[in-house]
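Descriptive analysis of the structure
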Amino acid sequence: MTSLPPSTEHIRTVTEAYLARHPDERASLTMLFAALAGADDPTSRKTFPAHVTCSAILINDERHVLHILHKASRKLLAPGGHNEPSDQLLRDAALRELHEEAGIPPTAVVPLAGHEDIPLDIDVHTIDANPSKNEPAHHHVDFRWAFHLGADHAVTLQEEEEEVDGYQWRPFATTASPTVRAKLAQLT
């Protein structure tokens with residue numbers, strides 16, 4: 001059986017559920033709706049000028065968020081990245097990336113209450129051109145899924161891919177993404 005990436009309909013349904021909570025963000029997702037209307041797979045890393053990525057916002061018992069230091073950008077970011085054919089749902093991509101980058105399996109986390117099927121945040125950000133990969137400057141539409149570290153599990157950084165170079169647990173108030181920080185501040 002061949003695995004299929006998240007369908008355009010799944011992405012649209014998740015986006016509309018997110019916008020029901022955050023209607024003021026519809027205009028910021030114009031690139032996503034254009035990608036969904038196009039003929040190319042919106043989750044493919046070769047779809048330009050914008051494509052979908054997914055990240056895991058992992059929260060521990062101290063109300064800190066896991067950040068991974070990515071070698072390429074030298075930035076502390078939530079674990080995340082591009083979708084793979086085995087990721088049938090957007091949330092699956094976030095869980096796979098969390099496991100690949102931080103060594104935390106899906107069985108060690110639970111979705112944040114109220115965010116089981118709806119991301120905490122959707123962000124559009126610019127990615128610089130990468131001539132070595134023949135990629136023009138483009139945008140990532142990042143679906144950010146929130147999880148609570150439900151089991152006592154240590155972070156074990158990946159070694160094979162050499163994409164990551166460290167990690168930090170940061171309090172909500174110093175979470176790297178301003179949009180995630182604002183949404184975390186609203187949690188009780």
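The notes below deal with the structure included here. (Residues numbered from 1 in each chain as written. Predicted model: local features only at pLDDT ≥ 70, side-chain atom pairs only at ≥ 80, totals over all residues. Heavy atoms only, no water.)

Digging into the overall build of the protein chain
A tally of regular secondary structure across the protein chain gives four helices and eight strands. Overall, the protein chain shows an N-to-C arrangement of helices and strands of α-α-β-β-β-β-α-β-β-β-β-α. A globule of 188 residues ought to have a C-alpha radius of gyration of about 16 Å, and the protein chain, at 16 Å, matches this closely. Principal axes of the C-alpha set define a box for the protein chain whose edges measure 45 × 40 × 35 Å. (Helix = DSSP H or I, 4+ residues; strand = E, 2+ residues; numbered from the N terminus. Rg over C-alpha atoms; globule rule 2.2 N^0.38 Å.)

Brief notes about the environment of Leu 69
In this structure, Leu 69 sits in strand E2 (residues 64–70). Each C-alpha atom, one on Leu 69 and one on Asp 165, is 5.3 Å from the other, the two residues being 96 residues apart in sequence. Beyond its immediate chain neighbours, meaning those up to four positions away, Leu 69 contacts Arg 74, Lys 75, Leu 76, Glu 163, Val 164, Asp 165, Gly 166 and Tyr 167. (Contact = heavy atoms within 4.5 Å.)

Description of the nonpolar core
The nonpolar side chains of a soluble globular protein tend to be buried, and buried together. In this structure, Ile 104 and Phe 143 are the most contacted members of the largest nonpolar core, which totals 32 residues. Listing elements by their share of this core, those giving two or more residues are helix H1 (8–21), helix H2 (30–37), strand E1 (50–59), E2, helix H3 (90–102) and strand E7 (138–149). Broken down by element, this core gets its largest block of residues, six residues, from H3. Among all residues touching Phe 143, those that are not within four sequence positions of it are Ile 11, Val 14, Thr 15, Leu 32, Val 52, Thr 53, Cys 54, Ser 55, Leu 90, Pro 119, Asp 121 and Ile 122. (Core = buried A, V, L, I, M, F, W, Y, C linked by side-chain atoms within 4.5 Å. Buried < 20%, exposed > 50% of the residue type's maximum accessible area, 1.4 Å probe, protein only.)

Structural notes on the pairing of E2
Among the seven residues that make up E2, six are buried, leaving the element largely enclosed by the rest of the structure. Pairing analysis gives three bridges linking E2 to strand E3 (residues 75–77), with the strands arranged antiparallel. Paired with Ile 68 across the strands is Leu 77, a residue of E3. From the end of E2 to the start of E3, which pair antiparallel, there are four residues, and Arg 74 there has a positive phi angle of about 60°. (Pairing = 2+ DSSP bridges.)

In short, geometric facts, not functional conclusions.
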